[in-house]
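A closer look at the structure
Spelled out from the first residue to the last, the chains are:
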Amino acid sequence: MKERLVVVGNGMAGMRTVEELLKLAPDRYAITVFGAEPRVNYNRILLSPVLAGEKKFDDIVLNSEAWYAENGIALHTNKEVVRIDRAARKVVAKDGTEATYDRLLLATGSTPFMLPVPGATLPGVIAFRDMADVEAMLEASRTYQHAVVIGGGLLGLEAANGLMKQGMKVTVVHLPETLMERQLDTAAARMLRKELEARGLQFVLKGQTKEIIGKGRVQGVLLEDGRELTADLVVMAVGIRPNVTLAKSAGLYCERGVVVNDTMQSYDPRVYAIGECVQHRGQVYGLVAPLFEQAKVCANHLARIGIGRYEGSMTSTKLKVTGIDLFSAGDFTGNDTTEELVMQDASAGIYKKLVLANNRLHGAVLYGDTVDGAWYFQLMRDGTDVTDLRPRLLYGQAHLGNAGHGDIKTRVAAMPDNAEICGCNGVCKGTIVKAIADKKLFTLEDVRAHTKASSSCGSCTGLVEALLASTMGGDYSTATKKKPLCPCTEHTHDEIRTAIVGQKLKTIPDVFRGLGWKTADGCNKCRPALNFYLLTAWPGEYVDDNQSRFINERVHANIQKDGTYSVIPRIWGGETTPAELRSLAEIAERYKVPTVHITGGQRVDFLGVKKEVLPAIWGDLSKAGFVSGHAYGKAIRTVKTCVGQNWCRFGTQDSTTMGIELEKMAWGAWMPHKVKLAVSGCPRNCAEATIKDFGVVCVDSGYELHVGGNGGVKVRATDFLCAVKTPEDVLEYCAAFLQLYREEAHYLERTAPWVERVGLAYVKQKLAEDAPGRKALAERFYYAQRFSQVDPWARRAQGVDKHEFIPLKQIA
Amino acid sequence: MIDWIEIGRIEDIPRQGARVVRAPEGDIAVFRTQDDEVFALADRCPHKGGPLSQGIVHGKRVACPLHDWKIHLDTGLAVAPDEGCAASYPVKVLDGRVFLSLKVAARAPACATG
C-alpha cells in the first residue's frame with residue numbers, strides 16, 4: 001500500500017514540489033491536493049500581463065487537469081482546508097471533505113495585507129493576489145473610470161499599469177517618499193516615476209490613507225492630509241503576509257511564517273511546508289526562484305533520498321511593466337564598508353548602480369538597460385572577485401573583450417526572431433522564445449534540453465538566460481544558488497572534491513555511496529568528472545576507470561564526424577627534424593592517411609584513421625620516437641614556441657629550449673580541461689603566449705609569466721602573474737600553477753573562467769607570494785607525473801586494451 | 001523462428017561499455033550495463049549517425065559521442081525531448097555466451113538500421 005501525501009495549496013510551490021517528487025519517486029505516494037481557488041495551478045507571476053491584456057488565463061496555466069489525472073493525483077479545487085488533525089493525521093476542508101496523510105505538505109502561500117482603515121471592507125476594495133482579483137479588476141474597468149492603488153511597490157505598480165491599460169484613470173498612493181523603496185534607490189525610483197507619469201499614472205507620495213469612503217460601494221479615498229481622491233475601485237497592494245492561519249490552528253510553531261528547517265520540515269516532522277508561507281532561517285520569501293529551490297529540497301526528502309539542504313536564497317527582482325526595464329538584486333543601498341559604481345544618463349533613461357564590498361558585487365540596481373542583470377546576479381551568487389573587471393563592469397559583459405560575440409549581447413531584446421542565438425546548433429531567437437512560452441520552460445537546463453541552444457560550446461548561455469528573463473518576465477532567476485555537478489547528485493563540484501579528500505573516498509562507487517548518488521552508476525557528466533577528481537586526489541593509487549572516460553580519452557585518439565579518428569604525435573616545443581618529418585611522411589603513406597594537416601599548436605595531424613588501425617600506426621610512430629600528443633584529452637596539449645635568440649634578431653632568451661623543457665615536464669598530466677602553453681622569445685610574442693593557459697614571454701631580464709588566457713570560444717588575454725629570473729623558476733611556477741588548477745578547478749572549466757572565478761589575486765597569493773606553498777604544489781605535480789608519463793600509444797601498440805580496437809565478431 | 005548467432009562471451013564486453021559486431025546490414029553495437037544486462041542496437045545515432053558503441057554507458061542509456069544525444073538501450077529510442085531511434089536487435093545470454101539475432105525487433109519498424 002502506498003503512503004499518502006496530502007498537499008494543502010495548489011499553487012506554484014506545492015505543485016513544483018509534486019513535479020520534482022514525481023521525477024524522483026513516481027510511485028511512492030498516493031497524492032491528494034487541496035486548492036482554495038476553483039482552478040488548476042497557474043503561474044501567479046504572470047497575472048500582471050493578464051491584467052494588462054497581454055496574456056490570457058489559458059496562457060499562464062502550468063498544470064492542466066489532464067496532468068493531475070495522468071499522474072493519479074486526486075485534485076480538490078475550491079476546497080479550502082480549515083483544520084488539520086495531527087493526532088489522527090487528517091485534514092478537513094470547509095465543505096467537510098477529509099483526507100488522511102502519512103506526510104503533509106503545507107503550501108498555503110501568502111495573503112495580501114489589507115489596511116485596517118474604515119471602509120476597507122466595502123465592495124470595490126480588493127487585493128491583487130489571484131485570478132479572482134484580476135477578474136474583479138477587469139470587470140470594474142469595464143464599468144468604472146477611477147481607480148486608486150494603495151501601495152507603490154512591485155505589485156502595486158503592476159496593478160496600476162494593468163488598470164491603466166484597461167482604460168482607467170489610476171492614482172497610486174504610496175506611503176514612503178519613493179516608489180519601490182525595497183528594490184530601488186532614490187535615483188532609479190525617480191526615473192521610474194517620471195516614466196510612469198509620462199504614461200499617465202498619477203502618484204501621491206508620502207500619502208497616508210485615512211479612510212475609504214462610499215455608500216454601498218467604494219466612492220473615494222480620504223488621505224490624512226484631508227485630500228480626497230475619487231475611486232470606483234481600490235486595490236490594496238501594501239504587502240503580503242505568510243498565510244499561517246491553518247498551521248497555527250493546528251499548533252505548528254509559527255513566527256512570521258511556518259518555521260521550517262533546512263529540509264523544509266516544520267516542528268512536526270511529518271508536516272513539511274514550502275513557499276511563501278514558510279520562514280526559513282528567519283527569512284520569508286515572496287519570489288519564485290527561492291521557492292523552486294525549496295521545492296527541490298523538499299521533494300528530495302519526501303522521496304526519502306534525504307541528501308538535499310536548503311540554505312537560503314539570494315533574490316533578484318524585475319518589474320513586469322512592458323517597456324520599462326528595471327532590475328534589482330542584493331544589497332543595493334550599501335553602507336560604510338561598501339563602494340558604489342554609478343552610471344546615469346537621464347536623457348537616455350539609463351541608470352546603473354553596483355554596490356561592491358571587498359571587490360565583490362553585493363548589489364545592483366539597473367534601470368533602462370537590464371541586459372546584464374543576469375550576469376551581475378551570477379557574479380554576486382558566485383562571489384566572483386571583480387577586481388579586474390572594475391573599469392568595464394558598468395558597461396556590461398559585452399565590453400569585456402569578448403571578441404566575435406561582442407555586441408549581440410547588449411541587444412538581445414531588440415533582436416529579430418530570426419537572429420541566430422546558438423551558432424553551434426543553429427537555434428534562432430524565435431525558436432527559443434516559442435519553446436519557453438509553449439512548453440512552459442523555467443530553467444536554462446529546460447531550454448537546453450528542448451531547443452539545444454547553448455548546449456554545445458556554451459558561449460551563448462548569457463544570451464539564452466537573457467531571453468528566458470525577458471520572455472518569462474517576473475522573478476525569473478537564472479539558476480539555483482547551488483549548482484550540482486549533474487542531475488545525479490545535489491552536491492557541487494567543490495563539495496565533492498572536499499569529500500573525496502576529507503572522507504578518503506577512493507573509487508567512483510565509494511563516491512556514489514558516500515555522497516548518496518541518486519543514480520546507480522552515474523551518468524556521462526559525473527563519471528568523467530569523478531574519475532578526474534579521484535585521479536588528482538590519489539595519484540599512483542587510484543585505478544583509472546576507462547569506462548568513465550569519454551571515447552577520445554578511452555582510445556587516445558580524437559573521434560571525427562564519420563567515426564574515424566585523428567592521430568597527433570607530440571612534437572616537443574614544435575621543433576622537429578628532417579628525419580622526423582620523413583618518418584611521419586612514410587607512416588602517413590603506409591597507412592594511406594587521407595588528410596594531413598598542420599595544427600594551430602605546431603603539430604602534424606593525421607585525419608581519417610580507422611579505429612582498428614590505431615594500434616599499428618601508433619606502433620610505427622613509437623618506433624620512430626614519437627609519443628602521444630594528447631590532442632584528444634583534457635590534458636596538457638601543446639607548448640608552442642618561436643625560434644627565440646637562437647635565430648631571431650630580436651630574441652632575448654632561448655624560448656625553444658624553454659618550451660621543450662616545459663613540455664617534457666608537463667606532458668601526460670590529466671587536467672580539468674585542455675591546457676595549452678606557449679613560450680615567446682621577446683615581447684613581440686610570435687608564439688601568442690598571451691592567449692594561452694600558461695604563457696611565457698621572454699624579456700632581457702628573464703621571463704614574464706602569464707596565466708588564464710584563451711583563444712577559443714571567448715578570447716581572453718592572459719593576466720600577468722609575475723616575472724622570474726631563471727628557466728628553473730619558470731618550470732617551478734608552471735608546475736605549481738598546473739597543480740593548483742588541477743586541484744581546485746571544476747572539471748571542464750578552462751583556466752580562463754577559473755582564474756576569473758577565484759580571482760587573480762588568489763592565484764598570485766598561492767604562487768607568487770607563498771614560496772613554500774608554491775614549492776609544495778610543484779612537488780605534488782612532479783609526484784603525480786611519475787605515474788602519468790607513460791606513453792599510452794606505446795602500451796596500446798603492445799596490446800593493452802586490445803578489445804577497444806577490434807570488432808567482437810564479423811558476421812559474413 | 002529466430003536465428004541466433006553466437007557472438008562471444010559476456011566478459012568480452014566491458015561493463016558499462018560496448019563492442020561492435022560487423023554484420024552485412026551494418027555495424028551493430030552490443031552493450032553491457034553495470035548490472036550485466038546486454039542490449040544490441042544499430043551502431044548509428046538517429047541524430048547524425050554517430051557510433052553509439054563508442055559512447056558512455058550509464059544506467060540503461062548510452063550517450064552518443066558526437067553530440068551527446070542519449071539513447072535508451074532497451075528500445076533504441078532517443079531520450080526525450082529528442083526524437084528518433086536506432087534499430088534494436090534481439091540478444092540473449094546463455095551460460096555466459098552472448099547470442100544475437102539480425103532480425104530487427106518488430107516494435108520499431110521505423111528505426112534506422114545500420
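Treat the numbers as computed from the prediction; the structure is a model and nothing was measured. (Residues numbered from 1 in each chain as written. Chains lettered and ligands numbered in written order. Predicted model: local features only at pLDDT ≥ 70, side-chain atom pairs only at ≥ 80, totals over all residues. Heavy atoms only, no water.)

Looking now at the overall build of chain A. Looking only at helices and strands, chain A features 25 helices and 37 strands. Looking at chain A residue by residue over its 812 residues, the buried ones come to 57%. Long-range pairs, those at least 24 residues apart, make up 63% of the contacts in chain A between residues at least 6 apart in sequence. For chain A, the accessible surface area stands at approximately 33800 Å², while carbon and sulfur atoms represent 50% of it. (Helix = DSSP H or I, 4+ residues; strand = E, 2+ residues; numbered from the N terminus. Buried < 20%, exposed > 50% of the residue type's maximum accessible area, 1.4 Å probe, protein only. Contact = heavy atoms within 4.5 Å. Areas by Shrake-Rupley, 256 points an atom, 1.4 Å probe, with all protein chains shown as cover.)

Turning our eyes to something else, we now look at the pairing of strand 33 (residues 675–680) of chain A. Residue and element names in this part refer to chain A. With five of six residues buried, strand 33 lies mostly within the body of the structure. As judged from the four bridges shared by strand 32 (residues 636–641) and strand 33, these two strands associate in the parallel manner. Looking at the pairing, Thr-641 lines up with Val-679 of strand 33. Taking the sense of rotation as the criterion, the β-α-β connection linking strand 32, helix 20 (residues 655–666) and strand 33 turns out left-handed. Across four bridges, strand 33 lies against strand 34 (residues 694–699) in parallel orientation. Bridging from a neighbouring strand, Ala-678 pairs with Gly-695 of strand 34. (Pairing = 2+ DSSP bridges. Right-handed = clockwise from strand over helix to strand, strands pointing away.)

The next thing to look at is the packing of helix 21 (residues 727–744) of chain A against helix 23 (residues 760–767) of chain A. Residues and elements named next belong to chain A. At a closest axis distance of 10 Å, the pairing of helix 21 and helix 23 adopts a crossing angle of 125°. The angle between the axes of helix 21 and helix 23 places the two elements in the oblique class. Once helix 21 is placed against helix 23, the crossing between them reads as right-handed. Contact residues: Tyr-733, Ala-736, Phe-737, Leu-740 and Glu-744 in helix 21; Tyr-762, Val-763, Lys-766 and Leu-767 in helix 23. Considering only residue class, the contact of helix 21 with helix 23 consists of seven nonpolar, no polar and two charged. (Axes fitted to C-alpha atoms, helices over the stretch in contact; angles between N-to-C directions. Parallel < 35°, antiparallel > 145°, perpendicular 65-115°, else oblique. Left-handed = near helix turned anticlockwise from the far one by under 90°. Nonpolar A, V, L, I, M, F, W, Y, C, P; charged D, E, K, R; others polar.)

Next up on the list: helix 21 of chain A. Taking 1.5 Å per residue as the helical rise, helix 21 of chain A with its 18 residues ought to reach 26 Å, and the 26 Å between its terminal C-alpha atoms agrees with that figure. With 13 of its 18 residues buried, helix 21 of chain A lies for the most part within the structure. (Expected span 1.5 Å × (residues − 1).)

Attention now goes to unusual backbone geometry. Cis geometry marks the peptide bond from Ala-80 of chain B to Pro-81 of chain B; its omega dihedral reads 5°. A positive phi is found at Met-180 of chain A, a non-glycine position, where the angle reads about 45°. Mapped onto the elements, Met-180 of chain A comes out in the loop between strand 11 (169–174) and helix 6 (186–198). Overall, the relative accessible area of 1% leaves Met-180 of chain A in the buried class.

Residue and element names in this part refer to chain A. Taken in spatial order, the four strands of this open sheet run 28-29-31-30, and their pairing is antiparallel. With partners counted over all chains shown, the strands left at the sheet margins are strand 28 (558–559) and strand 30 (595–598), one partner each. As defined by bridge partners, strand 30 adjoins strand 31 (residues 604–609) across four bridges and the pair is classed as antiparallel. The residue bridging Thr-595 from the neighbouring strand is Leu-607, located in strand 31. Those strands touched by helix 19 (residues 614–623) are strand 29 (565–567) and strand 31, and its axis lies near 5° from that of strand 29.

Before going further, it helps to examine the packing of aromatic side chains. Residue and element names in this part refer to chain A. For the structure on display, the rule yields 15 aromatic pairs over all chains. On the basis of an interplanar angle of 55° and a centroid distance of 5.9 Å, the ring pair of Phe-532 and Tyr-533 is categorised as tilted. Geometrically, the ring pair formed by Trp-572 and Trp-667 is edge-to-face, given 5.9 Å between the ring centres and 85° between the ring planes. Linking Trp-572 in the loop between strand 29 and helix 18 (578–590) with Trp-667 in the loop between helix 20 and strand 33, this pair joins segments that are 95 residues apart in sequence. You'll find Trp-572 and Trp-667 in the same group, each marked buried. (Phe/Tyr/Trp six-rings, centres within 6.5 Å; stacked < 30°, edge-to-face > 60°.)

Once that is clear, we can look at the sheet that holds strand 36 (residues 719–724) of chain A. Residue and element names in this part refer to chain A. Taken in spatial order, the five strands make up an open sheet running 32-33-34-35-36, and their pairing is mixed. With one partner strand each, in any of the chains shown, strand 32 and strand 36 form the two edges of the open sheet. Taken pair by pair, the neighbouring strands of this sheet meet at an average axis angle of 15°, ignoring direction. Inspection of the sheet shows strand 34 paired to strand 35 (residues 702–707) by six bridges, in the antiparallel sense. Counted as the bridge partner of Gly-695 is His-706 from strand 35. Packed onto the sheet, helix 20 meets strand 32, strand 33, strand 34 and strand 35 and runs at close to 170° relative to strand 32.

Our focus in this paragraph is the pattern of salt bridges. A pair can form between side chains of opposite charge whenever their charged atoms are brought close. All names here are of chain A. Counted by the stated rule, this structure contains 55 salt bridges over all chains. For Asp-369, the salt bridge identified is with Lys-352, shortest N-O distance 3.7 Å. In this pair, Asp-369 sits in the loop between strand 25 (360–367) and helix 9 (373–382) while Lys-352 sits in strand 24 (residues 350–357), placing the two residues 17 residues apart along the sequence. (Salt bridge = Lys/Arg side-chain N within 4 Å of Asp/Glu carboxyl O.)

Residues and elements named next belong to chain B. Structurally, Asp-27 is set in strand 3 (residues 26–32). Residue class for Asp-27 comes out partly exposed when judged on its relative accessible area of 27%. Spatially, the C-alpha atoms of Asp-27 and Pro-51 are 8.8 Å apart, while their sequence positions differ by 24 residues.

So, about the packing of helix 21 of chain A against helix 24 (residues 771–788) of chain A. Residues and elements named next belong to chain A. One way to put it is that helix 21 packs onto helix 24 with a least axis distance of 7 Å and a crossing angle of 80°. By the angle class used here, helix 21 and helix 24 are roughly perpendicular. For the pair formed by helix 21 and helix 24, the contact residues are Leu-731, Glu-732, Tyr-733, Ala-735, Ala-736, Leu-738, Gln-739, Leu-740, Arg-742 and Glu-743 on the first element and Arg-774, Lys-775, Leu-777, Ala-778, Arg-780, Phe-781, Tyr-782 and Ala-784 on the second. A breakdown of the residues in the contact of helix 21 with helix 24 according to their chemical character gives eleven nonpolar, one polar and six charged.

This part takes up the state of the cysteines. Residues and elements named next belong to chain A. Inspection of every chain in the model, using the stated rule, returns zero disulfides over all chains. The structure places no disulfide on Cys-526, whose sulfur is separated from the nearest cysteine sulfur, that of Cys-486, by 3.7 Å. Residue classification places Cys-526 among the buried positions, given a relative accessible area of 0%. (Disulfide = S-S within 2.5 Å.)

Contacts between the two partners involve 32 residues from chain A and, on the opposite side, 33 residues from chain B. Roughly 2600 Å² of surface becomes buried between chain A and chain B when both sides are summed, with 55% attributable to carbon and sulfur atoms. Sorting the residues of chain A by area buried against chain B places Asn-524, Leu-808 and Ile-811 of chain A first, and these three jointly supply 28% of that buried surface. Inspection of the chain A/chain B interface yields three salt bridges. Residue Lys-525 of chain A pairs with Asp-68 of chain B through a salt bridge whose shortest N-O separation is 2.8 Å. For the pair chain A and chain B, the number of links is 18 residue pairs in polar contact (both at pLDDT 80 or more). Of the residues assigned to the side of chain A that touches chain B, the class counts are twelve nonpolar, nine polar and eleven charged. (Buried area = accessible area lost by both parts, 1.4 Å probe. Polar contact = N/O pair within 3.5 Å; in protein donor to acceptor, adjacent residues only side chain to side chain.)

Read these as spatial facts, not as claims about activity.
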